[in-house]
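Given next are the chains, with one letter for each unit.
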Amino acid sequence: MELYDFVIFATNTGMRVGELMNMRFCDIKIVEGTVDIQKFKVLHIHNIKGKSGRNDCKSYYGAYNAFQRIIARRKIKDFSKSTEKVFLIKRRALFNEILEKTKLKTNKNNEKRDFVSLRSTYIVFRLLNDTPIQNIPYRDWE
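Rules and cut-offs
Residues numbered from 1 in each chain as written. Predicted model: local features only at pLDDT ≥ 70, side-chain atom pairs only at ≥ 80, totals over all residues. Heavy atoms only, no water. Helix = DSSP H or I, 4+ residues; strand = E, 2+ residues; numbered from the N terminus. Buried < 20%, exposed > 50% of the residue type's maximum accessible area, 1.4 Å probe, protein only. Polar contact = N/O pair within 3.5 Å; in protein donor to acceptor, adjacent residues only side chain to side chain. Contact = heavy atoms within 4.5 Å. Core = buried A, V, L, I, M, F, W, Y, C linked by side-chain atoms within 4.5 Å. Phe/Tyr/Trp six-rings, centres within 6.5 Å; stacked < 30°, edge-to-face > 60°. Patch = residues over 30% accessible without salt bridge, like charges linked within 9 Å, V, L, I, M, F, W, Y side chains within 5 Å. Areas by Shrake-Rupley, 256 points an atom, 1.4 Å probe, with all protein chains shown as cover. Salt bridge = Lys/Arg side-chain N within 4 Å of Asp/Glu carboxyl O.

Chemist: Explain the side chain of D5 to me, please; I cannot follow it from the model alone.
Modeler: Positionally, D5 belongs in helix α1 (residues 2–13). Of the residues examined, D5 reaches a relative accessible area of 0% and is grouped as buried. Polar contacts involving the side chain of D5 include one to the side chain of R73, which spans 2.9 Å. In this structure, D5 is in contact with A66, R69, I70, R73 and F87, ignoring residues within four places of it in sequence.

Structural data, given as structure tokens:
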């Protein structure tokens, strides 16, 4: 479940693997968002320590349920006061094993997929949902 929630977080925030691994519970604030008149909860993640310094991120609504599952699984009473990291283990080997078994480890051009591919998935999801490219909150294009 932790790997599943890691993937959900990555594809709903566009955060780097290092940023996800540095994210603490106290860095996250739950807020309400609205799309078309429908209300939903999203996460504002502050003070993310990563490759490009410290940044902030606003998730899409898919990250909220993953966050709730993590809180319940870890039995965190008041996440806003917890300095524990949200993700404790990368589970890279398990992720790669799943990609291998599902024959998704390489694409048609024989390029390998890994955790970094989840950032690209985030961008594609946003574009498929008609988000104009200039509105995709992606900190630096690599």
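Chemist: Would you mind going over the environment of G62 with me for this structure?
Modeler: On the secondary structure map, G62 appears in helix α3 (residues 62–74). Taking the C-alpha atoms as reference points, G62 and T13, separated by 49 residues in sequence, lie 9.1 Å from one another.

Chemist: Looking at this structure, how should I read the nonpolar core?
Modeler: Here is a general trend for soluble globular proteins: nonpolar side chains tend to be buried in one another's company. Of all hydrophobic cores here, the largest spans 30 residues; its most connected members are F9, M23, I45 and F87. Where this core is concerned, the elements lending two or more residues are α1, α2 (17–22), β2 (38–50), α3 and α4 (92–101). Not counting chain neighbours up to four residues away, the residues in contact with M23 comprise F9, M15, I28, I45, E84, K85, V86 and F87.

Chemist: Looking at this structure, how should I read unusual backbone geometry?
Modeler: When glycine is set aside, most residues are seen to have a negative phi, and most peptide bonds are trans. A positive phi is found at K75, a non-glycine position, where the angle reads about 55°. If you trace the backbone, K75 turns up in the loop between α3 and α4. In the Ramachandran plot, K103 falls in the positive-phi region, its phi being about 60° despite a non-glycine side chain. Within the fold, K103 resides in the loop between α4 and α5 (117–128). Given a relative accessible area of 72%, K103 falls into the exposed group.

Chemist: Looking at this structure, how should I read the packing of aromatic side chains?
Modeler: Remark: the centre distance and the inter-plane angle together describe each pair of aromatic rings, the angle taken between the planes. Scanning the model with the defined rule gives 6 aromatic pairs in all. The interplanar angle of 85° and the centroid separation of 5.4 Å between the aromatic rings of F9 and F87 together place this pair among those described as edge-to-face. One end of the pair, F9, is in helix α1; the other, F87, is in the loop between α3 and α4, and 78 residues separate them in sequence. Here the two residues F9 and F87 agree in accessibility, since each one is buried. Here the aromatic residues F6, F9, F25, F67, F79 and F87 are joined through ring pairs into a cluster of three or more.

Chemist: Looking at this structure, I do not really get a nonpolar patch on the surface. What am I missing?
Modeler: A cluster of nonpolar side chains, contributed by V124, F125 and L128, occupies part of the molecular surface with about 290 Å² of accessible area. In this structure L128 comes out as exposed when scored by relative accessible area, which is 64%.

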